[in-house]
Amino acid sequence: LMSKVIIFVDVDIKAGMRDAYIEKLRIHAEGVRIEPGCEKLDMFISVEDPNRMYVWEIWSTRKDFDEHLTCDATKAWRPVAAPFINGEKIHVMESI
């Protein structure tokens, strides 16, 4: 049985850029949600740090997630996101 892949992304947004970044991310996320194997994509903003947000994704298989990473939409998203963020940390997990 193949394990689902859980993704937790910690995003450090540049000061003053949060609302503009979230607006663009919402558009991108709508496309991700309909990609093959994407079971869930939720976005959260920190109540402790307004420039910190988190993305929670569940993918049916590692293959689905790997294909998401290399698809045209993801490649196109990276330069759109870059001016708005200081960086991001992607954590890849499996259920236990």
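Residue positions within a chain follow its written sequence, with the count starting from 1. It should be noted that, the model being predicted, local features are given only for residues of pLDDT at least 70 and side-chain atom pairs only at 80 or more, the latter also being counted only at that level, while totals for whole chains, interfaces and linings use all residues. By convention in this description, side-chain values take in all heavy atoms of the structure and omit both hydrogens and water.

1. Here we look at the nonpolar core
Nonpolar core, defined: a set of buried Ala, Val, Leu, Ile, Met, Phe, Trp, Tyr and Cys residues in which side-chain atoms within 4.5 Å join the residues together. For each residue, the accessible area found with a 1.4 Å probe, counting protein chains only, is set against the maximum for its type, and the residue is called buried under 20%, exposed over 50%, and partly exposed in between. Val11, Tyr21, Met53 and Trp59 are the most contacted members of the largest nonpolar core, which has 20 residues in total. Residue contacts are defined here by distance: any two heavy atoms, one from each residue, within 4.5 Å place the two residues in contact. Here Met53 is in contact with Val9, Asp10, Val11, Ile13, Tyr21, Ile22, Leu25, Met43, Phe44 and Ile45, once residues within four sequence places are set aside.

2. Topic: the packing of aromatic side chains
Here a ring pair, both rings aromatic, is described through the centre-centre distance and the interplanar angle of the planes. Only Phe, Tyr and Trp rings take part, Trp by its six-membered ring, and two of them pair if their centres are within 6.5 Å. Stacked means planes under 30 degrees apart, edge-to-face means over 60, and tilted covers everything else. Under the criterion given, the structure shown has five aromatic pairs. Seen from their ring centres, Phe8 and Trp56 are 5.9 Å apart, and the 70° between their planes marks the pair as edge-to-face. Placement of the pair is Phe8 in strand 1 (residues 5–13) and Trp56 in strand 3 (residues 52–59), with a sequence separation of 48 residues. Residue classification places Phe8 among the partly exposed positions, given a relative accessible area of 26%. With a centroid separation of 6.1 Å and an interplanar angle of 55°, the aromatic rings of Trp59 and Phe65 are classed as tilted. Put simply, DSSP H or I for four residues or longer makes a helix, DSSP E for two residues or longer makes a strand, and each gets a number counted from the N terminus.

3. Quick word on the pairing of strand 3
One bridge is not enough; two strands pair if DSSP finds at least two bridges between them. Pairing of strand 1 with strand 3, which is carried by eight bridges, proceeds in the antiparallel orientation. Following the sheet pairing, Phe8 is matched in strand 3 by Trp56. Between strand 2 (residues 38–45) and strand 3, which pair antiparallel one after the other, the connecting turn spans six residues.

4. Focus on helix 2 (residues 62–70)
Those residues of helix 2 not exposed but buried are Asp64, Phe65 and His68. Each buried residue of helix 2 lies within a common arc of 95° when the element is viewed along its axis, so the set occupies one face. As used here, the arc belongs to the directions running from the helix axis to the C-beta atoms.

5. Quick look at the environment of Cys38
Structurally, Cys38 is set in strand 2. For the pair Cys38 and Trp59, spaced 21 residues apart in sequence, the C-alpha to C-alpha distance is 4.7 Å. Apart from the residues lying within four places of it in its own chain, the contact partners of Cys38 are Val32, Arg33, Ile58 and Trp59.

6. Topic: the pattern of salt bridges
For salt bridges, the criterion is a side-chain nitrogen of Lys or Arg within 4 Å of an Asp or Glu carboxyl oxygen. All chains considered together, the criterion is met by seven salt bridges. When the shortest N-O distance is used, the salt bridge between Arg62 and Asp66 registers 2.8 Å. Of the two residues, Arg62 and Asp66 both sit in helix 2, four residues apart, roughly one turn of that helix.

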